[in-house]
Amino acid sequence: MPAVHHKLLLEEALQDSPQTRSLLSVFEEDAGTLTNYTNQLLQSMQRVFGAQNEMALATEQLSKQLLEYEKQNFALAKGDEEVINTLQQFAKSVEELNSLHTELATQIADKMVFPMVQFREKDLTEISTLKEIFGIASDEHEAAMVKYSRLPKKRENEKIKAEVVREVAYCRRKQHQAAMQYYCALNALQYRKKVAMLEPMLGYTHAQINFFKKGMELVSKKMDSFLSSVSSMNQSIESQLEVEAEVMRSSQREFLSVDDTVYMPDHDQVPVNRALIQKAGYLNIRNKTGLVTTAWDRLFFFTQGGNLMCQPRGAVAGGMVLDLDNSSVMAVECEDRRYCFQITSPNGKTSLILQAESKKEYEEWICTLNNISRQIYLTDNPEAVAIRLHQTALQAVTPITSFEKRAEGSPNPDRAKPGAVTSREPQKPPSTLEPEDLIVPGTPIQFDIVLPASEFLDQNRAGPRRTNPFGETEDEDDDGASDTHDSLLQQVFAVRFLGSMAVRSGHTQEVIYEAMRQVLAARAIHNIFKTTESHLMVTSSCIRLIDPQTQVTKISFQLKDVTQFAAHQENSRLMGFVLQGSDWIDGGEDQPSFSVFVFESNTEGEKICYTINLAKEISEAKKNPEALAQLMKSMPLTNDGKFLLLESETGDTAEAVGADELESEA
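On a predicted model such as this, the values are computed, not experimentally measured, just so you know. (Residues numbered from 1 in each chain as written. Predicted model: local features only at pLDDT ≥ 70, side-chain atom pairs only at ≥ 80, totals over all residues. Heavy atoms only, no water.)

## Structural notes on empty space enclosed by the protein
According to the stated counting rule, one finds 1 cavity of 30 Å³ or more in the structure shown. Of the pockets and cavities examined, the largest cavity occupies roughly 30 Å³. Forming the boundary of the largest cavity are Leu100, Glu103, Leu104, Gln107, Ala207, Asn210, Phe211 and Lys214. Counting only elements with at least two residues in the lining of the largest cavity, the list comes to α2 (81-149) and α3 (158-256). Tallied by class, residues from the lining of the largest cavity come to 4 nonpolar, 2 polar and 2 charged. (1 Å grid on protein atoms, 1.4 Å probe; cavity = no way out; pocket = protein on both sides within 12 Å on 5 of 7 lines; lining within 4 Å. Points joined across faces, edges and corners; volume = space filled by probe spheres on them. Helix = DSSP H or I, 4+ residues; strand = E, 2+ residues; numbered from the N terminus. Nonpolar A, V, L, I, M, F, W, Y, C, P; charged D, E, K, R; others polar.)

Now the structure itself:
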């Protein structure tokens, strides 16, 4: 046991010499240093106890959390049964370890923290209290001695002197008693501080030893085989991970070794696939943000059945944007952006303008949406049907043996014509006609409206004419206006001109079907998707194609020159008519010529055919007043005595043509 070399002598307490006071200050300084150190040491011990107590709570929470793994609904949880069983075993072991941690926390509190707290509160607090009492007693003794020293020498008062003497004796006794108690406590502190430092650490060490002994018993008896099996399983998983990581690294190197053109948006080296019935990818969509302002958003679009779906970034699922059945898709020019196309619903009320990232994506999206619009996805083998239609388009410029063979190759050869209206003129049996008999092979196709040379000369014989703000010339004011006001029928349709070509025959519907086939095939082969919407006005005397923006008549056809008209057999939105003209031959004879004009409407083409047929009936009935009156009686009329025909097909743009153009006066 270490010896104590310094102590305060009790016999010097009464004398209270300066030497004793000096030695006392050394003991007091030592007690102050011990107090500061004890507080810091106690904080460290309390931190250890808090950490151990938190460890017990944490292991308890860990055990519960390991059992929760089984209750999680992992989307890729297949094959986790072995992991679940292992984690349950670990949870049981952690729970047993938790009991050991809890016991260790209790022992640390009892054998380390509590003795140190007791030393600080009992011994160090006692030293502080005795120091305060000794200081008060010393001050009282000094005051009594000052009072005793001031007693007068000449006039002594025995009574006062006796009281002062008793007061000095009392204060000196009190100081002596307080000094001895204080000296004894300071001397004893030199021994108690050693015990206070060693006892807590002894208890902490025994608690840890006990914890490790029980832990080793738990591991050696119950967990040796379990830990070895888990270690083997973990090594197996790590080896599988290393193999998979090497495969992924190899794939990364392979993918990164490609040319930089792969990352360029408009450098696609893969040819365009025009037989797709499903498509997905990012597109830019134009949205209105105000009356005249728009904004473009980049969203992920995909097709699902007959619907166009959209899924914003971060969304769980996509939502339907538009029903694609019987919708129209065409290329458009929009805000000086490339690769823009427009999707229009069958009724023409809903339209979307989208922008693709590259030319390949642009063409594939248009082809895919057109394939879906034809409802190919409803067939038994939609991929084969799409490929067959694409092959049919590629073979369009090659003559086919007969129309019967072409009908056999269609997706539904037995389907009836969708309301095609025919003229009352006799027709030749289609089975006797070959494609070469209808259209000369290699006949050029015109994809835009250009006035015939004869009409161009007629319009320019009178020299330049003044154009009024309504887009009509002076001659048009005289002829066209009178023709419009005198007409008994006016009906406007929103159409898009697809093409026209010269044909050999003009009195059969088969020539219209063959021209439609070749026009659509040529557009597909030459990637011509852009079309311009116009207004087709049918009157009782002519058919006019009008620009919806300027109301200028692009071209006008006399109704008497229309020899045949029909709607497409499969796509009801397509219609066409045959226009008869005249060509001069070398002998100076007027030889009739025929051209087919093909249009796509927002609704069924049979409505346009019905209107043309009605216009021809009115034109014929004009020659016989009785027949005209009978025809007027058979037609429904509005309250103001006008023919009630079809609803407007042009929406708001038709209003610019005029309300009278939707109905005709009787």
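## Brief notes about the sheet that holds strand β7 (residues 351-355)
Spatial ordering of the open sheet is given by β4-β3-β2-β1-β7-β6-β5, a layout of 7 strands whose pairing is antiparallel. Both outer strands of the open sheet, β4 (319-323) and β5 (328-331), are each paired with one neighbouring strand and no more. When the angles between neighbouring strand axes are averaged without regard to direction, this sheet yields 40°. Pairing between strand β1 (residues 280-288) and β7: 2 bridges, direction antiparallel. Directly across from Ile285, in β7, lies its bridge partner Leu354. Relative to strand β6 (residues 340-344), helix α4 (residues 359-373) is tilted by about 15°, and along the sheet it contacts β1, β2 (294-304), β3 (307-311), β5 and β6. (Pairing = 2+ DSSP bridges. Axes fitted to C-alpha atoms, helices over the stretch in contact; angles between N-to-C directions. Contact = heavy atoms within 4.5 Å.)

## Description of helix α11 (residues 605-621)
The terminal C-alpha atoms of α11 lie 24 Å apart, and with 17 residues this matches the ideal 24 Å at 1.5 Å per residue to within 8%. Along α11, the residues classified as buried are Gly605, Ile608, Cys609, Thr611, Ile612, Asn613, Leu614, Ala615, Lys616, Ile618 and Ala621. (Expected span 1.5 Å × (residues − 1). Buried < 20%, exposed > 50% of the residue type's maximum accessible area, 1.4 Å probe, protein only.)

## Concerning the packing of aromatic side chains
On inspection of all chains with the given rule, the structure shows 14 aromatic pairs. Their ring planes at 75° and their centres at 5.3 Å tell us that Tyr282 and Phe300 sit as a pair that is edge-to-face. Residue Tyr282 is found in strand β1, and its partner Phe300 is found in strand β2; the two are separated by 18 residues along the sequence. We classify Phe300 as partly exposed; its relative accessible area is 26%. Connected via pairs of aromatic rings, a cluster forms that spans Phe497, Phe557, Phe577, Phe597 and Phe599. Across from the ring centre of Tyr282, 4.3 Å away, lies the NZ or CZ of Arg298, which sits over that ring. (Phe/Tyr/Trp six-rings, centres within 6.5 Å; stacked < 30°, edge-to-face > 60°. Lys NZ or Arg CZ within 6 Å of the ring centre and 35° of its normal.)

## Structural notes on α4
Along its 15 residues, α4 runs 21 Å from first to last C-alpha, staying within 8% of the 21 Å computed at 1.5 Å per residue. Of all 15 residues making up α4, 12 are buried, and the element is well covered by its neighbours. Lys360, Tyr362, Glu363, Glu364, Trp365, Ile366, Cys367, Thr368, Leu369, Asn371, Ile372 and Ser373 are the residues of α4 that are buried. Just downstream of α4, Gln375 is the residue with a positive phi angle, here 65°.

## As for the nonpolar core
If you look at the biggest cluster of nonpolar residues, it comprises 31 residues, and the most contacted ones within it are Leu24, Phe119, Ile127, Tyr182, Leu186 and Leu189. At the level of elements, α1 (18-68), α2 and α3 are the ones that each hand at least two residues to this core. Considering each element in turn, this core owes the most residues, 12 residues, to α2. If we ignore the near neighbours within four places in the chain, the residues touching Leu189 are Ala31, Leu34, Phe119, Leu124 and Ile127. Residues Phe497, Phe565, Leu579 and Ile618 belong to the second largest nonpolar core, which totals 26 residues. (Core = buried A, V, L, I, M, F, W, Y, C linked by side-chain atoms within 4.5 Å.)

## Things to note about the side chain of Lys193
Among the structural elements, Lys193 can be located in helix α3. The buried category is assigned to Lys193, whose relative accessible area is 18%. Engagement of the side chain of Lys193 in a polar contact is seen with the side chain of Asp30, the distance being 3.4 Å. Filtering out sequence-adjacent residues up to four positions away, Lys193 remains in contact with Asp30, Leu34 and Phe119. (Polar contact = N/O pair within 3.5 Å; in protein donor to acceptor, adjacent residues only side chain to side chain.)

## Quick look at the pairing of β1
The pairing of β1 with β2 spans 9 bridges and is classified as antiparallel. When the sheet's bridge partners are listed, Arg286 is paired in β2 with Trp296.

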